[in-house]
Amino acid sequence: MNQELLSGGSKRHRSGGSLRGNASLSHGEEDQMNRVVEVQEGNCARNADGSGTEARGSTSDEAPAAVTDEEENNNQITAEIKERNKEEEHDDDEEEMDQDSDDFEQSDDSSREESCTNGNDLSDENYTDMATHQSLAILTKNQMKRKLDPGPEVRSFSSGKKPCKGSDYKSTAGLVPCSATPTTFGDLRAANGQGQPRRRITSIQPPPELQDWLKTFQSWSGPERLLALDELIDSCEPTQVKHMMQVIEPQFQRDFISLLPKELALYVLSFLDPKDLLQAAQTCRYWRILAEDNLLWREKCKEEGINEPVYIKRRKVIKPGFAHSPWKSAYIRQHRIDTNWRCGDLKIPKQVLKGHDDHVITCLQFCGNRIVSGSDDNTLKVWSAVTGKCLRTLVGHTGGVWSSQMRGNIIISGSTDRTLKVWNADSGECIHTLYGHTSTVRCMHLHENRVVSGSRDATLRVWDIETGQCLHVLMGHVAAVRCVQYDGRRVVSGAYDFMVKVWDPETETCLHTLQGHTNRVYSLQFDGIHVVSGSLDTSIRVWDVETGNCIHTLTGHQSLTSGMELKDNTLVSGNADSTVKIWDIKTGQCLQTLQGPSKHQSAVTCLQFNKNFVVTSSDDGTVKLWDLKTGEFIRNLVTLESGGSGGVVWRIRASNTKLVCAVGSRNGTEETKLLVLDFDVDMK
């Protein structure tokens, strides 16, 4: 046990954490991070107790130096107290510098419960384990501070670096003469600048036989000395072995990071995961400065898809020349947002946007701070995602609105009145009315200043939204066009004639007719290389857009695939069979099926996903959150009281920090409205 107390901390700090791994945190890793937070909180409490506690704790395992004069001893004690007071001042600075690390790690506390409740109910056994780990961590951390903090003997190092000291212990070389060339352990300690003679045990005088005993030991050969040491260790009590470890172990510890050039040190740290990087920052001040490197955190953010730094106005300047990393702040902010998605408070939605009376919300758009809902009541409504107020109602269609797109302050809508309308979202003005289709405009896709619309008249039209002109008409389907995708170069359409077509809109020619489905095509995804089509025949097909060949047929669903989303070769499909599946379209493999005891109880109506989560809605009146990588159910984000008796979640749209849900019913059991859930954090 004593060996663990001594060696656990040093090994832990020397390792610096694991090599780069998965960016998302498992429950085990989150537990480890939580324990680090508890250690930090314990250190804060210790520092609050005053310098006396620090002095007592740090000298508990050391014996005072050998002195013969009482006055000299008092002077030495006074010097040590001053030294410790300085260390405590440094510790205060380090605690302030570690505040960002605390914010990052403390946000994981709530995610330790799978049920994602607000409390942390720990069993007695877990609490005991955590307390033991915390005590060990505090002990080893304090030991490492004593061993690693820069001292006066290393202040001559160049490049502004302050390597950490090896130990506070002084040599016992006074008992054994040291030669000029380091050949013994005492010589090694003397070469390291720690050869000032003093004895640790002052309560007794050295026994008269000690020198003879040492001379006898020195006269033996190397193997004989090893044999004698083995026998000596076996005959020692644990406290005596502990004493030997305190003397020996620090001499073989090296702060390699501080000894490396800054560029190489940062390269080594770049292999740590962010959570390990935050732990490394608590080792010593120089590591803290390195771990705050802005370029280092920019790369971490790039790996996580974080594109903007966060600049925070600090109330306290930690140290002249020290700069907080805006990219690190951005990473911590995103981590806290993800934690809010997993376990944030959901008792009452922040905003409830009521409108459209008891009509069905048929389409939903969400961009920036603006929400646009379209309904079969012939209108669209523009809402503020910040205040929840209805900014304006767009009136002009003479039939139900069944499709919409939005970019900036421009809204395009398609209706059963066979027209498209282009609106100014700021003024509510109808800029253009686009005539040409002879039946309901059922789908559309906007790219830059062009929109492609698909209609039940079996045609597609390409429009310029700035001039209101119809640029091209694409004819070839023999039934209603149900879905369309446009990337600025190619148009892909799916229809009730079981066909998927690839078009060159400039020449109005059909490049490929993708045949294979045996029933209506309801959903499409297109990334410029692959076309993915979902059909009522229960299959999903992956096509090559250049050759028109079917690459994979994805089977496993039992009904209509009503919605899909494709990002970076990962496809998520929602089906009327109440399940959601995650696919790799490069291999055709089904990676996860989102089901189990907490799965939806009715058809999946809508879905969205990002690098961590999948959000799904259903006719059962719920919105569920799933883990993208593991497929595990996390929790219900929305649960309608009328779910199962008519309450439906028709559409969902999500940003990084907000979720908008269009809910209602067809039998009057649930009022038509929009629910806005906010997961953002305040980084002030």
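Let me begin by describing the structure that accompanies this report. (Residues numbered from 1 in each chain as written. Predicted model: local features only at pLDDT ≥ 70, side-chain atom pairs only at ≥ 80, totals over all residues. Heavy atoms only, no water.)

**Digging into unusual backbone geometry**
Operational definition: Helix and strand definitions here come from DSSP, where helices need a minimum of 4 consecutive H or I residues and strands a minimum of 2 consecutive E residues; each element is numbered from the N-terminal end. Any residue under 20% of the maximum accessible area for its type is buried, any over 50% is exposed, and the rest in between are partly exposed; the area is computed with a 1.4 Å probe on protein chains only.
The phi angle at D357 is positive, at roughly 50°, despite the residue not being glycine. Among the structural elements, D357 can be located in the loop between β1 (351-354) and β2 (361-367). The backbone of N378 sits at a positive phi, close to 80°, despite the residue not being glycine. Along the chain, N378 turns up in the loop between β3 (370-375) and β4 (380-384). Assessed through its relative accessible area of 24%, N378 is described here as partly exposed.

**As for the sheet that holds strand β23 (residues 570-575)**
The line we're drawing: Pairing between strands requires that DSSP locate at least two bridges from one strand to the other. Fitted lines through C-alpha atoms serve as axes, helices being fitted only where they are in contact, and the angles separating the N-to-C directions of these axes extend from 0 to 180 degrees.
In spatial order, the strands read β22-β23-β24-β25; together these four strands make up an open sheet with antiparallel pairing. Sheet topology places β22 (561-567) and β25 (589-594) at the edges, where each strand pairs with a single neighbour. Strand after strand, the sheet turns through a mean of 20° between neighbouring axes, direction not considered. Where β23 meets strand β24 (residues 580-584), five bridges bridge the pair, whose relative direction is antiparallel. In the sheet register, G574 faces β24, and the bridge partner there is V580.

**Considering the pattern of salt bridges**
Keep this limit in mind: By definition, a salt bridge exists where a carboxyl oxygen of Asp or Glu is found within 4 Å of a side-chain nitrogen of Lys or Arg.
Using the criterion set out here, one finds 14 salt bridges in the structure. A salt bridge links D680 to R333, with the shortest nitrogen-to-oxygen separation between them at 2.9 Å. One end of the pair, D680, is in the segment after β32 (673-678); the other, R333, is in helix α16 (residues 326-343), and 347 residues separate them in sequence. Salt bridges linked by common partners bring R288, E292 and K328 together as one network.

**Observations regarding a nonpolar patch on the surface**
For the record, the criterion: Grouping into patches uses exposed residues only, defined as over 30% relative accessible area, and leaves out salt-bridged ones; the cut-off is 9 Å for like charges and 5 Å for nonpolar side chains (Val, Leu, Ile, Met, Phe, Trp, Tyr). Surface accessibility in these figures is a Shrake-Rupley result with a 1.4 Å probe; residues are shielded only by whichever protein chains are displayed.
A surface patch of nonpolar side chains, amounting to about 390 Å² of accessible area, comprises W213, L226, L229 and L232. The element that contributes the greatest number of residues to the nonpolar patch is helix α9 (residues 222-235), accounting for three residues. Tracing the backbone shows L229 in helix α9.

**Description of the packing of helix α15 (residues 294-303) against α16**
The cut-off we apply is this: Note on convention: the crossing is left-handed when the near helix lies turned anticlockwise from the far helix by less than a right angle, right-handed when the turn is clockwise. Note on contacts: a residue pair qualifies if any of its non-hydrogen atoms lie within 4.5 Å across the two residues. In this count, Pro and Cys sit with the nonpolar residues alongside Ala, Val, Leu, Ile, Met, Phe, Trp and Tyr, while Asp, Glu, Lys and Arg are called charged and the others, Gly among them, polar.
Direction vectors running N to C along α15 and α16 enclose 35°, while the axes themselves pass 7 Å from each other. Note on packing geometry: the crossing formed by α15 with α16 is left-handed. Taken together, the residues of α16 that come into contact with α15 (itself represented by N294, W297, R298, K300 and C301) are P326, W327, K328, A330 and Y331. A per-class count over the contact of α15 with α16 returns six nonpolar, one polar and three charged.

**Structural notes on the environment of C606**
Relative to the helices and strands, C606 is located in strand β26 (residues 604-609). Since its relative accessible area comes to 11%, C606 is described here as buried. For the pair C606 and S617, spaced 11 residues apart in sequence, the C-alpha separation works out to 5.3 Å. Those residues in contact with C606, other than ones at most four positions away along the chain, are V615, T616, S617, W650, R651, I652 and R653.

**Observations concerning the packing of aromatic side chains**
Rules: Stacked, tilted and edge-to-face are the three classes assigned to paired rings of Phe, Tyr and Trp, where Trp is represented by its six-membered ring and a pair needs centres within 6.5 Å; plane angles under 30 degrees give stacked, over 60 edge-to-face, the rest tilted.
Per the stated rule, a full pass over the model turns up seven aromatic pairs. Ring geometry for F217 against W220: centres 6.0 Å apart, planes inclined by 65°, an arrangement best described as edge-to-face. By relative accessible area, which is 22% here, F217 ends up partly exposed. By relative accessible area, which is 35% here, W220 ends up partly exposed. Here the aromatic rings of W341 and F679 are separated by 4.0 Å at their centres, their planes lie at 20°, and the arrangement is stacked.

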